[in-house]
Amino acid sequence: MCGIVGYIGAKNCVPLIMEGLKRLEYRGYDSAGLALIKDGKLVIEKRAGKVADLAAMIEEKELSAFLGIGHTRWATHGEPDDLNAHPHWDCKGEIAIIHNGIIENYSTLKKKLIQDGHQIRTATDTEILAHLIEEMYKRTKDLFSAVRYALLEVEGTFGLLAISPLEPDRIIAARRGSPLVIGVGEGENLIASDAAALVEHTRQVVYLNDDEMACIFADSFYTKTIHDQEVVKQIEEITFSLEQIERGGYEHFMLKEINEQPTSLENAMRGRLMVKEGDVRLGGLHTVMDKLLKARRIIITSCGTSWHAALVGKYMLEQLGRIPVDVDYASEFRFRNPVIRPDDVVMVISQSGETADTLAALREAKSRGAPVLGIVNVVGSTIARETDAGVYIHAGPEIGVASTKAFTSQIAVLGQIAILLAKNRGLPQNTLAKIARDLADIPDKVRQVLLLDGQVKKIAQEFKNADNFLYLGRGSNFPTALEGALKLKEISYIHAEGYPAAEMKHGPIALIDENMPVVFIVPKDALYDKVVSNIQEVRARKGRVIAIANIDDEEIDNLAEFVIKVPRTYSYFGPIINSIPLQLLAYHIALLRGCNVDQPRNLAKSVTVE
Ligand code: G6P
């Protein structure tokens, strides 16, 4: 949700900021802009559209500066047009800011500032903050203090950078609810909303916490809280490589990430899953292990695709651990006055580790005394840092807005936690070893499924003009159906619904006619015959059936118009394998419809607003 990058040092910052913005574009792509300090003046360039549009606009201008900040926007207040694009500035053009987050009390502040004579140009909440800082600067004559005093008046969230030609040797940064990380270089420093924009320049980083500010010079920086307390920060090391965040020959990040799944799944299990012993070692859970094993109930809370992974987790944890599991949307959980008992354990799942609703749910659970553990991808992210304990999924950077490899790795981690719980309740070692074997075999099976890409492409060709899609599955493949439908909606803009197959007869069956493609996830498990009956019901109404079935299933060939056959696995791990063709189907349909696969309209990868 909005990408932010800033640089101060001895190099020309313009190419560096533009490159950083490209890496952060997954966070928002409604507009892009930058502010530089050049010859004692602010230079600002901004426009609606992608970073590439900004690049084209400034190409001829040969801009250069040693200090600058850049922004890529996901619009909240004000249309995504040129005027509302960041940076924003004060009345005199002496203070430029970029901002990620929402200033909730902006209309009250705006009224007051207008009364005080400020000229407001845009519909954004951010511009109000620029004028508020201007007001404070009149009193303090010090940019850091002016930003600090302004933020004391603000309700809401911010990842904020401010610069001024009046103090041309520094960038002021502040965070509450929107991530910021300082990149520590030699004779230069950077700051960004995501380490992805820094890794090309330095591996040494400092993560700011909520209500912390930084004053960043070329060769040093200091940090304080918004309430003026000193804070000493640790320098940490970035764990991923530049190569991991580049497309590596693939046409889209999404396709690259789909194809990375055999490796990302191996990484989620490496050094953790002990097949022969039927055991799992998850060091990050050490401090909460006792509570987890004794839990009377597990509550999992998350958003979007991570919520679908949580639902798969419910099936696995209840089946293997025999512990009741509640799954809740983070945005609902936090406002529902949730009942949390002393022996409950709360899990939060998040790819980015920055989703505002998930973070708020985590804080809500902690405030009620629950031990909270995280299943997170981005190392060092806020959720990873605020949970009591956790497991990284180690999927590597996921850039495509539609989540793919993070989803399957989240399930692989939940599967390992389920094995731990199964062991704890005394499941025999040979049974555990068999389940662990099935999980360990998944990456190779995913490799086999990826070879079916050509077949999936043909199905995409056949259905690319559909207006609606229905996805049906049962048991742990009900969440698979939800996820398949979500992938298609997100990137192709085709309306799609996921349903438990047996629920079809209570509503969605009314939608079925000869134009309705229905994707069935129908593995050869205990519910196979029942799902086959649902397929018959669709066929009887002339619906067009696409089946994701198992390799050894011959019966399905006579029932479905199109069949994609995938290897069998222990049924609770099936969603990992069955999701792969659904990801590919969404990808190819979106491509055939001319959609922007990696940057679908209106969406953002990391939703740091509520
Ligand atoms: C956004 C993304 C989704 C993601 C969801 C939750 O909506 O577009 O792909 O599943 O946020 O994100 P998280 O980072 O918490 O998993």
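The preceding data block contains the structure.
Basis of the calculations
- Residues numbered from 1 in each chain as written.
- Predicted model: local features only at pLDDT ≥ 70, side-chain atom pairs only at ≥ 80, totals over all residues.
- Heavy atoms only, no water.
- Buried < 20%, exposed > 50% of the residue type's maximum accessible area, 1.4 Å probe, protein only.
- Helix = DSSP H or I, 4+ residues; strand = E, 2+ residues; numbered from the N terminus.
- Contact = heavy atoms within 4.5 Å.
- 1 Å grid on protein atoms, 1.4 Å probe; cavity = no way out; pocket = protein on both sides within 12 Å on 5 of 7 lines; lining within 4 Å.
- Points joined across faces, edges and corners; volume = space filled by probe spheres on them.
- Nonpolar A, V, L, I, M, F, W, Y, C, P; charged D, E, K, R; others polar.
- Pairing = 2+ DSSP bridges.
- Core = buried A, V, L, I, M, F, W, Y, C linked by side-chain atoms within 4.5 Å.
- Axes fitted to C-alpha atoms, helices over the stretch in contact; angles between N-to-C directions.

A. Helix H5 (residues 143-152), seen in detail. In terms of residue burial, H5 counts as a mostly covered element, since eight of its 10 residues are buried. Of all the residues in H5, the buried ones are Leu143, Phe144, Ser145, Ala146, Val147, Arg148, Ala150 and Leu151. On its buried face, H5 sits against helix H4 (125-140), strand E7 (158-163), strand E8 (171-176), strand E12 (212-216) and strand E13 (221-225).

B. Region of interest: the layout of surface pockets. Computed from the structure, the largest pocket encloses a volume of approximately 750 Å³. Looking at the largest pocket, it is lined by 46 residues, and the ones nearest its centre are Phe240, Asn377, Val378, Gly396 and Pro397. Where the lining of the largest pocket is concerned, the elements lending two or more residues are strand E14 (236-237), helix H7 (261-269) and helix H12 (382-386). Class assignment of the residues belonging to the lining of the largest pocket gives a composition of 16 nonpolar, 16 polar and 14 charged. Of the volumes computed, that of the second largest pocket is approximately 500 Å³. Around the second largest pocket, the lining is made up of 25 residues, and of these Cys303, Gly304, Thr305, Lys605 and Val607 lie nearest the centre. Among the elements of the structure, helix H9 (304-321), helix H10 (330-333), strand E19 (344-350) and helix H16 (477-492) are those that each provide at least two residues to the lining of the second largest pocket. If you tally residues by element for the lining of the second largest pocket, the top one is H9, at three residues. Considered class by class, the residues forming the lining of the second largest pocket number 10 nonpolar, 12 polar and three charged.

C. Broad picture of the pairing of E13. Direction of pairing for E12 relative to E13: antiparallel, over a ladder of five bridges. By the bridge assignment, Cys215 is partnered in E13 with Tyr222. Between E12 and E13, which pair antiparallel and follow one another directly, the connecting turn spans four residues.

D. Seen up close, the sheet that holds E12. Strand order in the open sheet formed by six strands is E5-E6-E7-E8-E12-E13, and the pairing between neighbours is antiparallel. Taken across any chain shown, the strands that pair with only one partner, and hence form the sheet edges, are strand E5 (88-89) and E13. One ladder, built from five bridges, connects E8 with E12; its direction is antiparallel. Looking at E12, one finds that Ile172 is bridged to Cys215.

E. Structural view of the nonpolar core. By size, the foremost hydrophobic cluster in this structure holds 97 residues, and its most contacted members are Leu292, Ile298, Ile300, Leu317, Met347, Phe469 and Tyr471. Ignoring sequence-local partners within four residues, the contact set of Ile298 consists of Leu292, Leu317, Ile323, Pro324, Val325, Asp326, Val345, Met347 and Leu421. Among the nonpolar cores identified, the runner-up in size contains 35 residues, and Cys13, Val14, Leu34 and Ile58 belong to it.

F. Focus on the sheet that holds strand E24 (residues 517-522). Read across the open sheet, the five strands follow the order E23-E22-E24-E25-E26; overall the sheet is parallel. Looking at the sheet topology across the chains shown, the edges are occupied by strand E23 (495-500) and strand E26 (562-566). The sheet shows a mean angle of 15° between the axes of neighbouring strands, direction not considered. As paired strands, strand E22 (residues 468-473) and E23 are joined by six bridges and run parallel to one another.

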